Structures are given as structure tokens and as C-alpha cells.
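Structural description and commentary
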Amino acid sequence: MLRAAKAAGCLACRNLVASKSGLKVRIPLQKLHPLSRSIHHRNSQGTNSHRPPPCCAARHFTSLSRLPVRPALPLPGAHGYQPHRTFWVARLATRLLRLRYLLLGSAVGGGYTAKKTYDEWKDMLPDLSEYKWIVPDFIWELDEHIDFEKIANALPDAEYLAKLLPDFEKIGENFSFLKGLISKESTGESAFKATENHGFEGTDKQHKKVSDKEKAEQLQEELLRTQMKYQRILERLEKENKELRKVVLQKDDKGIHQRKVKKSLIDMYSEVLDILSDYDSNYNTQDHLPRVVVVGDQSAGKTSVLEMIAQARIFPRGSGEMMTRAPVKVTLSEGPHHVAMFKDSTREFDLSKEEDLAALRHEIEIRMRKSVKEGQTVSPETISLSVKGPGIQRMVLVDLPGVISTVTSGMAADTKETIFSISKAYMQNPNAIILCIQDGSVDAERSIVTDLVSQMDPQGKRTIFVLTKVDLAEKNLASPSRIQQIVEGRLFPMKALGYFAVVTGKGSSSESIDSIKDYEEDFFQNSTLLKTGMLKAHQVTTKNLSLAVSDCFWKMVRESVEQQADAFKASRFNLETEWKNNYPRLRELDRNELFEKAKNEILDEVISLSQVTPKHWQAILQKKLWERVSTHVIENIYLPAAQTMNSGTFNTTVDIKLKQWTDKQLPHKALEVAWETLQEEFARFMCEYKGKDQDDIFDKLKEAVKDESIKRHNWNERAEDSLRVIQHNALEDRSITDKPQWDAAIQFMEETLQTRLNDTESVISDMVGPDWKQRWLYWTSRTADQHIHNETKNELERLLKLNEDHTAYLANDEVTTVRKNLESRGVEVDPVLIKDTWHQMYRRHFLQKALSHCNLCRRGFYYYQRHFEDSELECNDVVLFWRIQRMLGITANTLRQQLTNTEVRRLEKNVKEVLEDFGEDVEKKVHLITGRRVQLAEDLKKVREIQEKLEAFIEALHQEK
């Protein structure tokens, strides 16, 4: 009978999972609850009642949001998938418990088991309704794909089961017969009764002694074991999925499918954020797209958490020193290879190689230090970095400098305020997810960041709290319940969506990510915080944290991206309307396009210099050179030589002074004149071009390019030496070959002397004031100084009339005589004033004599050919001016050749270099090309680009759904 009962019970269990039900997975009875298993197969062979001790591990599900709905996949028949079927089988079994326990009870206890009611046995089963969250959503969704009516119909009917049941009447008779035999012996009968009563009563007492505390411990242990099963199954599935995705991505990367690989969704989103970071918002269009903003106190473990999420040690590290000096935007995405790349660089860093990791950390540190301005400690400039790898959660994180409470030596005085302002700027975004990092190894009262976060997000609708260094906290804290208070949100005043506890290694910078993961998993497996229920399994490990943050990030993105796209669409309409009303006939050229247009115009103007005629260069160079050197020629060469007594001394003085002038000053002066002439012609062409169709928006840029090009231009050094030789030869020649050259020299001399005489007359007129005619006609009068100068001039004129061949200098006794004569007329005169007045009077007297002598020399070419022999007329001064004039012509011709052959091309090259440098300097372009028109075009271009990228991202987001 016992065998029959056993067969009936096993047959019923086998029918529960019959192939007719449409299920391909056979559920071993070993996976049932221990209490149910003991009732079903108490006498079954091969049944192991002791389950192996599970290895506790944290489950990978979050309490923040449900996993996205995925289509149900057919479950394979592998053994690893059996735990997925335990709960729905249990649900099905509860519907058939009455029949089940009647069958099994008949085999174990006979009539006593049959008397047990359904409700009594049901009360002994643990209530798992509170732990439905343990099971993934797709397990409960199996109800939609499994027809339980089919399973019920597949079970054998009652008549068939009745045939298999034993005859309870016969069983009762057998027990009565046995009892009668045993009752003959009183000792045996008493023992039988005692044993019988003790067996039944002991069972009842055993159940009654189970306290609520033991039940809770038993349920907790069962819960951890169940979580461990799902943890291991998910880890295996994730590993297989990661390998499969890696293979697929590698095939696409190699182009096996011969198709263009599209940008990933997170890369498209990151591009939008990069553009928005440079966008100067107008028309109240703010950047409200979600980011994960990582904030925390200095050395709280922000960087370590970020590295665990990125699965690589990518950030520079320091012992207690501030390392994060600028915001670092990290775009995490999935890819076949674990690599990192900067936004503005094409170099890929292989994160699986330690030398590449070291190079990446060094590059980040260099970029941070470059972004920090002189005198500052931190910088608001964002460094953009993308990290790709197998199994990495897709999201965008921004690592901010750690919040400090005290400014130490070596830091700028406003470092604390600057960090606060940077953090607030990122957290003010209503869609930013704040990842608040708190160091668990220090006193909670020392935290600064929690107050800052509670100010920015008082309701905690977008804050995730992370407690780091839990291993040190458990070891050092006298009351572990404080950790429980922290992760339950009861210790800090801030609120949060979720609370997590993580371990980021033992504090060594040489630890690898894998070793940190193993250490974290081992810690939580053995932690009393998890075993005693102070921490929930879904609140621990960085893996669970990254899943939770990723889910929250994409939820925020889906909720806000379309609203942000509409805001930029409205902003675009406003900008386009303003442009149409203010600049209807102009194209919408941004700053870069305007710079290119100006660049082409400037290069065209430089090329126009090559079209200047040689005659024009010759005339303008000769004129400007004489204007520059005429004063030196008259004052330092001609006048001193003219004071000599004879022609020999005159020529000797002239030759010496010309030689000294040529050796020291003349070539350099000539090159200066040539360079200034080139600049003036360049500026003239710019002005002429502007008169045609020039936009005044380019004026500042062109002026800056011209000045910088001139500043960089250096005339050829060898040109000065060659020019010196040419000028020496020109000045040494005294042979005037024909009469036209003689007449040209006389004309040049006469014009020069007349110009100097006019200048001298003007100086004397200003010195002595208006004459009698001006005083009577224009009602003007002399000042006291002018009256003194006039009296001195009159006295000196009388002196010159007495001695027309007077020297250029006034003797001291003559000064005294003039002074006494003036005093006799009541005029007090200073000797210095007398000498100054004499200089101008003698200069006028000398120039008048030189002009009269110049007229006499017009007919002196005949005497010149005879070397002034037997003639009282000596025109050596005419020869001097001819030598100067010839030197000017030859120098101007030489400079013209250098300009047209060399210097114009070098100037053009300098202009190109300056334009290239300005083109690479963004700040320079912003400074030189300004105005509302430029800013409006810039904003319009960026808004259009942002809108287009947002629309493309939204379309890809819908396709992914």
C-alpha cells in the first residue's frame, strides 16, 4: 500500500509538468520549498533534504524603476533556467494542495494525515506575497503566455485517481488488528500508546515553539538564497549577452555587413550636450537636458565610483590633494573594445593596457591644468571624454570638483565659492540627476555636500544618494545602525530617490577594477549589515548603482527631450524673425563664415600691391626719402660746409660728412621709408576696396591684420648692406654729364632752399608776432614775449647789415653789445633768447644768399666743365645737390626692385600667417568680429544645429523603443 501511495504521489507530481502543458522545462522537486519537499517525498530514494549553502550575492535589480518591457523569450531547457519556474509552479501547486496532501498524507500517516484539513497545512507554508519584488517582472509576465486551464485539463480525473488510492477501510482494519496483537502485552501496549501520543503531541509542540523571530530569520535566509540563485543566473546571462554583443559589434566595426555603422543613441545625445555647453542662451532658452551630475565632498570617493561605473581607472589620483580641477563630462556607451577618446582628438586610448591608462590620466591632468587660468585653482571649462566598452551602461556623467570647507595654502582665495558656483550651475538644471557621494568612513556631521544638494533639490525627486567606503564604516563605527539610518534617509535632512551603499576598494591606487569588484562582492557576502537586514540586497554594489542611475537617466531623457526640442524650435522662430526684420538683404553668416570672407578680401588687397607701377613706386619712394633726410642734409651737411672759406674745404667737409652719414644712418633710413611706403600703399588699397562694396564689420579685423603683419615683417638684412654700397658709389660721383642734369640740380636746390626759407620765415613770424599791417587790419597785437623778440630781431638785423659775411655763431661780446643796446631802449633780454633769435635770423640770411647764388649758377655749367678755373663763380653747392638728387634716384630705384621682387611677397606670406593664427584663435575672432548681427547669426546657427540633432535623437529614441 505504501508503494502504491508513493507511486500515486509521484505520478501526480509528474503530471504537473507533463509535456501536454506546452512547457519545455522540467521542474525538479528539489527546487520546491523544503517543507513541501519533505511532505511529497519523505521516503523517496535519492532525495537530498539538505540544500547546499548558497553564496550570497547582490541582485541586479533596482527599486527606482521597473525594467523595460521585453518580449518573452522561449526558455531553454538548460538546468540554469530552472529557478525561474519555481514561483509560478508554487502558485499552481497551491490551487491543488488539498488533493495533493490527501494523496501524500495517505502514504505517510494513513488516516491521521487524511484528517488534516487544507487550511491547517496552508497556514504552515511561508507567506511569500511580500517578496514578489524579488522575482523579475518577466516571471510574472509568464501568466500571459501560459494557459493554466490546459494544465488543469491535462491532470488525471478523479475516477482515475480513485483507482490509484489505497482502501482506507482495509488500512484501518490492519491498524486495529496490529493494535489488538500488541495490547496483549501491557508493557508493549503502554509503550505503543506513549509513543503514539508522544509522536503526535511532540509534533504539535514543535510547531508551537517556533517563534516569530525564528520565522523571520528563516525567511531572511530563504530570501538571500533565492536572491543568490537569480544573481548567478543573471551574471551568467549577462556574460553570455556581453560576449554575443561584442561579436556583433566587432563584425559591424570590421564592415562585414558592408553597411555604414550609425552613431549610437548615447553618442548622439552627447553631441547635443557638447553643442549646448558652448551655447550662450538667449530668449530664455535654457539647457534643461538631463545629465548625471556627480557631486561630493573632497576625497569622498566620487572619482572611484565613476571609475567603477566606467570599468577603468581613467582619472588622475592623489593622496588628499585636489585632483579634479575642472568638470569632466564622461559619455559612457557600449562598444566592442574598451577604449576612451577626447571630443577634440582622434587618438584612442586602449583601457585594457596600463600604458594607455597612464597616458590618459596624464592627458586629463594636463587639460585640467591648462583650463585653469592664472591665479585660480579650479576652472569652469568642461573636458569632454567618451568611454566605450562591453557591458557599460549608457549615460552621460559630469564629474565636478570636490566641495571643500577650508581654503588651504596654494589655493586661490575664492576657490570655495568657485566650486560652489560650478556645482550649483550644473545642479540648477531641473532635469539633472544629482549623484550625491558621501564618505561613509567619516562622521556624517562633517558632510557639506548634503546641505548643498538639499538646497538644490529639496524634494529629492532627482537625487540618488551613494554611501562610499562602507567597509571602513562597518569596521570603525560603534553603532552600525547609523549606516542603516543613512541608507534609509533618516539621518541627513536631504531626500533622495534611492540610497546605495558601495565599496570602492581598499584605498590603493594600484588596484584593478576586477580586484575591486571581487573585494566589494566578498565584503557584502560576508557583511552582517546585509545578513541582519540593515541593508537591502538591491541597495548595495556599484553594479546595482549603475543600473539604477542608467534607468533613471533614460527615464528623465524620455520625459524631457521633446519639451526641450520644442523650446529650441520656438527660439529658432524668434531669431529668424529678428534677422528678417533687421537684415533682410544679408545672408546669415556666422563668425567663422565672416572671417573667411574677410580673409579672402584681405588677400585680394595684398595681391593688388603687385599691380602698382614702377613709376609710382619710384616717385613716392624718392619723395618720402627726401622728406626724411632733407633736414639732416641741410642742417648737418650743407650749412657747416658752406661756412668754409674756399671750395676745397667745402668739398672736403661734404665728402667726410656724406661718408659718415652713409655708413651710419642713410641705408637704415631708406629701408624704413620703403617699409612705411609699403604699409601706406597696403592701407590705401584697403580703403579703395572699402569704397566699392566693403562691410564695415571687417574694419577691426583688417586693422589688426595689418598691424600684426607689419609687426612681424623684417626687411631682408642683406638689403641694407647692398644698399649702403650703392649709396656710397652714388654720392662719390661728381660728374654732371649734361646741361639738363645741371638745370635739374639747380631746380632741386632752389626748391629745397625756398622750402626751408618759407619754414624759417614762418618761425620768425610766430616769434615776433603780427606786423603793423596785421595789427591795423585784423586788430591784433603782440604779446610781451613777442615784443622782446621783435626788438631783438631788429637789433640783430642791423648787425647783419653791417657784416653780411658774418659767421653762423654770435660771439659773446656781440651778445653783450646787443643786450646793452636793448637795455638802453628799456628792453630786458636774456642772452639765451638773443642766441635763439640769432639762429633764425642768420638762417634766413643764409638761405636768401644761397637762393641768389643759385640763380647766378644757372649759367655756371660752362665753368663747371672747366672745373671753375679762372672764374670767380664757384657752384660746388649745386654739385652737392646733384649728388644728393642722384643718390635719391638710385636708392628709390633699388628699393622699388626690392619691394616688387621680394618684400611684397613676404608681406603677403605674413598676412596669410596672421590670418591663419587669427582663424585658430577663437577669442581673437570674437574680439575682432563683433556686433549684434554677428551674435544673431551665431545664435541662429547653433539653435538650428541643436534642433536638428535633437530631432534626430528623438527619432532614434522612438526607433529603439
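Numbering of residues begins from 1 in every chain and follows the order in which that chain's sequence is written. Where totals are concerned, whole chains, interfaces and linings use all residues; where local detail is concerned, this predicted model gives features only for residues with pLDDT of at least 70, and gives and counts side-chain atom pairs only at 80 or more. Side-chain metrics rest on all non-hydrogen atoms present in the structure, leaving aside hydrogens and water.

**A short note on the overall build of the protein**
Stated formally: Counting from the N terminus, the helices are the DSSP runs of H or I reaching at least four residues and the strands are the DSSP runs of E reaching at least two. Per-residue accessibility, obtained with a 1.4 Å probe over protein chains only, is compared with the maximum for each type, and a residue is labelled buried under 20%, exposed over 50%, and partly exposed between these values. Should any heavy atoms of two residues lie within 4.5 Å, those residues are counted as being in contact.
Helices and strands together make up the secondary structure of the protein, namely 37 helices and 9 strands. Scored against the burial criterion, the 961 residues of the protein give a buried share of 44%. Long-range pairs, those at least 24 residues apart, make up 81% of the contacts in the protein between residues at least 6 apart in sequence.

**Examining the state of the cysteines**
Where we set the bar: A pair of sulfur atoms, both from cysteines and within 2.5 Å, is called a disulfide here.
If you walk through the whole model with that rule in mind, you get 1 disulfide. The partner cysteine of Cys857 in its disulfide is Cys875, sulfur to sulfur 2.0 Å. One quick way to see it: the torsion about the S-S bond of Cys857 and Cys875 is about -100°, and its sign makes the bridge left-handed. With Cys857 in the loop between helix 33 (831-856) and helix 34 (861-865) and Cys875 in the loop between helix 34 and helix 35 (876-920), this pair connects stretches of sequence that are 18 residues apart.

**Some thoughts on helix 24 (residues 614-642)**
The periodicity of an α-helix, 3.6 residues per turn, causes residues three or four positions apart to be oriented the same way. Put simply, the rule reads: Take the residue count of a helix, subtract one, and multiply by 1.5 Å to get its expected span. Two axes enter the definition of the bend at a residue: one is fitted to the seven residues ending there, the other to the seven starting there, and the bend is the angle between them.
With 29 residues, helix 24 should cover 42 Å at 1.5 Å per step; its first-to-last C-alpha distance of 36 Å lies more than 12% under that length. Roughly 45° is the biggest bend found in helix 24, and it falls at Val629.

**A closer look at the pairing of strand 3 (residues 339-342)**
Heads up, the rule is: Paired strands, as defined in this entry, are two strands with at least two bridges between them according to DSSP.
Bridge count for strand 3 against strand 4 (residues 349-350) is 2 bridges, and the pairing is antiparallel. Note that in strand 4 the partner of Val339 across the bridge is Asp350. In textbook terms, the turn of a hairpin is the stretch between consecutive antiparallel strands, and for strand 3 and strand 4 this stretch comprises 6 residues. Sheet analysis places strand 3 next to strand 5 (residues 383-389), joined by 4 bridges and oriented antiparallel. When the sheet's bridge partners are listed, Ala340 is paired in strand 5 with Val387.

**Details of the pattern of salt bridges**
Formally: Any carboxyl oxygen of Asp or Glu within 4 Å of a side-chain nitrogen of Lys or Arg constitutes a salt bridge here.
For the structure on display, the rule yields 44 salt bridges. Between Glu681 and Arg684 there is a salt bridge; the shortest N-O distance is 2.5 Å. Of this pair, Glu681 and Arg684 both sit in helix 26 (residues 666-693), 3 residues apart, which is roughly one turn of that helix. Arg684 gets classed as partly exposed once you look at its relative accessible area, which sits at 31%. Between Glu908 and Lys912 there is a salt bridge, with its nearest N and O atoms 3.8 Å apart. Of this pair, Glu908 and Lys912 are both found in helix 35, 4 residues apart, which corresponds to roughly one turn of the helix. The network of salt bridges with common partners includes Arg572, Glu576, Glu588 and Arg944.

**Concerning the packing of aromatic side chains**
Inclusion rule: Aromatic rings from Phe, Tyr and Trp, taking only the six-membered ring of Trp, are treated as a pair when their centres fall within 6.5 Å; an angle between ring planes under 30 degrees marks them as stacked, one over 60 as edge-to-face, and anything in between as tilted.
Evaluation of the coordinates by the stated rule reveals 15 aromatic pairs. For the pair Phe465 and Tyr499, a centre-to-centre distance of 5.8 Å together with 50° between the ring planes defines the contact as tilted. Remark: Tyr499 occurs in strand 9 (residues 498-501) and Phe465 occurs in strand 8 (residues 463-468); sequence separation between them is 34 residues. Across the pair, exposure class does not vary: Phe465 and Tyr499 are buried alike. Each ring, one from Trp579 and one from Tyr583, has its centre 5.0 Å from the other, and the planes form 45°; the classification is tilted.

**Side note on the environment of Tyr809**
Relative to the helices and strands, Tyr809 resides in the loop between helix 31 (784-802) and helix 32 (812-824). Taking C-alpha positions, Tyr809 is 7.8 Å from His839, a pair spaced 30 residues apart along the chain.

**Some points on the pairing of strand 7 (residues 433-439)**
Along strand 7, 7 of the 7 residues are buried, which leaves the element largely enclosed by surrounding structure. Of the two faces of strand 7, the one lined by Ile433, Leu435, Ile437 and Asp439 and the one lined by Ile434, Cys436 and Gln438 are each fully buried. Direction of pairing for strand 7 relative to strand 8: parallel, over a ladder of 6 bridges. For Gln438, the partnering residue across the bridge sits in strand 8 and is Leu467.

**A closer look at the nonpolar core**
In plain terms, the rule: Residues grouped as a nonpolar core are buried Ala, Val, Leu, Ile, Met, Phe, Trp, Tyr and Cys residues, joined through side-chain atoms within 4.5 Å.
Within the largest apolar cluster, 100 residues are counted, with the highest numbers of intra-cluster contacts made by Tyr638, Trp661, Trp742, Ile884 and Val911. A per-element tally of this core places helix 35 first, with 17 residues. The next biggest cluster of nonpolar side chains, apart from the first, holds 70 residues, and it includes Val330, Leu351, Phe553 and Phe953.

**Points about the confidence of the model for the protein**
This is how the line gets drawn: On a scale of 0 to 100, pLDDT captures the predictor's confidence in every residue.
Scored by pLDDT, the protein comes out at a mean of 76, with 71% of its residues at no less than 70. Within the model, the stretch residues 1-86 combines pLDDT values under 50 with 137 contacts to residues more than four positions away or in other chains. Confidence drops under pLDDT 50 across residues 205-210; counting only partners more than four residues distant or on other chains, this segment forms 3 contacts.

**Here we look at the packing of helix 25 (residues 647-664) against helix 35**
Put simply, the rule reads: Note on geometry: axes are C-alpha line fits, over the in-contact stretch for helices, and angles between N-to-C directions span 0 to 180 degrees. Note on terminology: angles under 35 degrees are roughly parallel, angles over 145 are roughly antiparallel, angles of 65 to 115 are roughly perpendicular, and the others are oblique. Whether a crossing is left-handed or right-handed is set by the direction in which the near helix is turned from the far one by less than a right angle, anticlockwise for left-handed and clockwise for right-handed.
Following both chains from N to C, one finds helix 25 and helix 35 inclined at 20°, their axes separated by 10 Å at the closest point. By the criterion of interaxial angle, the relationship of helix 25 to helix 35 is roughly parallel. The way helix 25 lies across helix 35 gives a crossing that is right-handed. Packed against helix 25, whose contacting residues are Ser647, Phe650, Asn651, Val654, Asp655, Leu658 and Trp661, the element helix 35 presents Asn876, Asp877, Leu880, Arg883, Ile884 and Met887 at the interface.

**Observations concerning a negative patch on the surface**
Applied cut-off: A patch consists of residues exposed above 30% relative accessible area that lack any salt bridge, with like charges linked at up to 9 Å and nonpolar side chains (Val, Leu, Ile, Met, Phe, Trp, Tyr) linked at up to 5 Å. Throughout, the Shrake-Rupley method with a 1.4 Å probe supplies accessible areas, and for residues the shown protein chains are the sole cover considered. We count Lys and Arg on the positive side and Asp and Glu on the negative side, and we leave His and both chain ends out. A single reference atom marks each charge: NZ on Lys, CZ on Arg, CG on Asp, CD on Glu.
Taken together, Glu381, Glu913, Glu916, Glu920, Asp921 and Glu923 make up a surface patch of like negative charges. The element that contributes the greatest number of residues to the negative patch is helix 35, accounting for 3 residues. You can see Glu923 is positioned in helix 36 (residues 922-928). Looking at Glu923, the relative accessible area reads 66%, which means it is exposed.

**Looking at helix 15 (residues 354-371)**
Condition: In this description, one arc is meant: the one made by directions from the helix axis to the C-beta atoms.
Its 18 residues place the ends of helix 15 26 Å apart at the C-alpha level, agreeing with the 26 Å of an ideal helix rising 1.5 Å per residue. By the burial criterion, the buried members of helix 15 are Asp356, Leu357, Leu360, Arg361, Ile364, Met368 and Ser371. Along the axis of helix 15, the buried residues cluster in a sector spanning 140°; they form a single face. In this structure, helix 15 carries Glu355 and Lys370 as exposed residues pointing more than 90 degrees from its buried face.

**Examining the sheet that holds strand 3**
Within a sheet, each strand pairs with its neighbour through backbone hydrogen bonds, oriented either parallel or antiparallel. With mixed pairing, 9 strands are arranged side by side in an open sheet as 4-3-5-2-6-1-7-8-9. Looking at strand neighbours, the two that pair on one side only are strand 4 and strand 9, the edges of this open sheet. Together, strand 2 (328-334), strand 5 and strand 6 (395-399) form the strand contacts of helix 13 (residues 265-277), whose direction differs from that of strand 2 by roughly 165°.

**Some thoughts on the side chain of His845**
Mapping His845 onto the fold places it in helix 33. Apart from residues lying up to four places away in sequence, His845 is in contact with Leu800 and Glu804.

**Let's talk about the environment of Val453**
Looking at the element boundaries, Val453 is found in helix 17 (residues 449-456). Residue Val453 is classed as buried on the basis of its relative accessible area, which comes to 1%. Each C-alpha atom, one on Val453 and one on Met427, is 8.1 Å from the other, the two residues being 26 residues apart in sequence. Setting aside anything within four residues of it in sequence, one finds Val453 in contact with Val295, Met427, Ile434, Cys436, Thr463 and Met494.

**Structural notes on unusual backbone geometry**
Positive phi, normally seen in glycine, also occurs at Gln311, with a value near 65°. For Thr541, which is not a glycine, the phi torsion comes out positive at approximately 75°. Along the polypeptide, Thr541 turns up in the loop between helix 21 (528-531) and helix 22 (542-582).

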